[in-house]
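The lines below spell out each chain.
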Amino acid sequence: MPLIKTLRRLFTMFSIKKILTMGGLCLFVLLGMAAIKAPTQKLRNLKVLPKDISDAKLDSIMHTYNKALGVNCEFCHVKPRFNLGNKDSLDYFSDAEPMKENARKMMEMTISLNKTYFYFNKDVQPAYLTTITCKTCHQGEPFPPED
Ligand code: HEC
Ligand code: HEC
């Protein structure tokens, strides 16, 4: 039994305490490596848009909202409560601005209109369809006029 022989030799060479310490050390290093590798995807607060959206796509969609409604990002996003550094930065993750939830309903409606009433390219994710867009109705106004 070569395994038992090797183990016995190891036990005589190192004390059990040493082996345990070394084992603990190895585990510590492995856990450390796992912790460094784990968080690759950004923590995002997305309920309508696809979770795997790229930064560029997200940014371009948000800019279309500004244009279509004739507003700034602050219309739907609040300023952070504690602002270190950049004074103009907004807390995009936060849902504290009620207009953001209104906008989510509008996004769902727009997706549904595109999917339900128009022929659409099945390769495109429904959230990215643009037959009907915010601009179709809003035309640069946050509250489109009734007539
Ligand atoms: C009409 C409202 C509206 C406007 C204007 C708007 N946003 Fe948003 N934004 C939203 C909504 C709603 C979400 C969340 C979407 C979801 O839940 O899928 C969001 C999400 C985001 C996120 C992702 C936040 C996260 O959780 O990681 C970023 C970043 C963002 N917006 C940036 C911007 C920027 C930059 C502008 C201005 C150029 C802007 N937004 C203008 C409504 C708006
Ligand atoms: C089919 C037409 C239509 C489309 C498409 C549309 N909206 Fe609207 N939206 C409206 C109308 C009409 C109002 C005004 C409701 C009112 O005056 O009470 C409105 C109001 C809003 C408001 C004000 C809050 C509220 O709920 O009244 C926000 C924010 C908004 N829309 C965002 C968007 C965004 C973002 C998109 C694109 C994702 C979008 N809308 C697409 C018709 C539309």
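Each chain has its residues counted from 1, following the order in which its sequence is written. Here the convention is simple: chains get letters from A, ligands get numbers from 1, in the order in which they are written. Per-residue local features of the predicted model are confined to residues with pLDDT of at least 70, and side-chain atom pairs are confined, for both listing and counting, to 80 or more; whole-chain, interface and lining totals are unaffected and use all residues.

Engineer: What am I meant to see in the overall build of the chain here?
Structural biologist: Numbering of helices and strands starts at the N terminus; helices are DSSP runs of H or I of at least 4 residues and strands are runs of E of at least 2. In terms of helices and strands, the chain carries 5 helices and 0 strands. Shown N-terminal to C-terminal, the secondary structure of the chain runs as helices and strands in the order α-α-α-α-α. Distance between backbone-placed C-beta atoms decides contact: two residues are in contact if it is within 7 Å. Taking all contacts inside the chain whose residues are at least 6 apart in sequence as the whole, residues at least 24 apart take part in 44%.

Engineer: What is the right way to look at the site of ligand 2 in this model?
Structural biologist: The criterion for a residue being near a molecule or strand is simple: its C-beta atom, placed using the backbone, must lie within 6 Å of it. The local shell around ligand 2 holds 16 residues, among which Asn102, Met106, Met107, Cys134 and Cys137 are the closest. Those elements that place two or more of their residues in the shell around ligand 2 are α3 (55-69), α4 (98-117) and α5 (134-138). Take the shell around ligand 2: its biggest share by element is 6 residues, from α4. The classification used treats Ala, Val, Leu, Ile, Met, Phe, Trp, Tyr, Cys and Pro as nonpolar, Asp, Glu, Lys and Arg as charged, and all other residues, Gly among them, as polar. Within the shell around ligand 2, the residues separate by chemical class into 12 nonpolar, 4 polar and no charged.

Engineer: What exactly am I supposed to notice about the site of ligand 1 here?
Structural biologist: Taken together, 22 residues sit near ligand 1, with Arg44, Asn45, Met62, Cys73 and Cys76 positioned nearest. At the level of secondary structure, the elements contributing two or more residues to the shell around ligand 1 comprise α3 and α4. Top contributing element to the shell around ligand 1 by residue count: α3, with 6 residues. Taken together, the residues of the shell around ligand 1 sort by class into 14 nonpolar, 4 polar and 4 charged.

Engineer: In this structure, what is going on with unusual backbone geometry? I would like to understand it.
Structural biologist: With glycine set apart, most residues show a phi of negative sign, and most peptide bonds adopt trans. Positioned with a positive phi, Gln139 is a non-glycine residue whose angle comes to about 50°. Take Gln139: it is sitting in the segment after α5. Counts of 20 or more other C-beta atoms within 10 Å of a residue's own C-beta define buried residues, counts of 12 or fewer define exposed ones, and intermediate counts define partly exposed ones; C-beta atoms are placed from the backbone. Looking at Gln139, the number of C-beta atoms within 10 Å reads 12, which means it is exposed.

Engineer: I tried to follow α3 on my own but got confused; where do I start?
Structural biologist: Since the α-helix advances by 3.6 residues per turn, residues separated by three or four positions end up pointing in the same direction. In this analysis, the expected span of each helix is defined as 1.5 Å times one less than the number of residues it contains. Here α3 spans 21 Å end to end across 15 residues, near enough to the 21 Å set by a 1.5 Å rise per residue. Phi turns positive, to about 65°, at Gly70, one or two residues after α3.

Engineer: I keep staring at the environment of Phe75 and nothing clicks. Help me out?
Structural biologist: Within the secondary structure, Phe75 sits in the loop between α3 and α4. Put simply, Phe75 and Glu97 are 22 residues apart on the chain and 8.1 Å apart in space, counted from C-alpha to C-alpha. Setting aside its immediate chain neighbours within four residues, Phe75 contacts Leu69, Met99 and Pro142.

Engineer: So what exactly am I meant to see when it comes to the environment of Ile132 here?
Structural biologist: You can see Ile132 is positioned in the loop between α4 and α5. Residue classification places Ile132 among the partly exposed positions, given that 16 C-beta atoms sit within 10 Å. Dropping the residues within four chain positions of it, Ile132 is found in contact with Thr110, Leu113 and Asn114.

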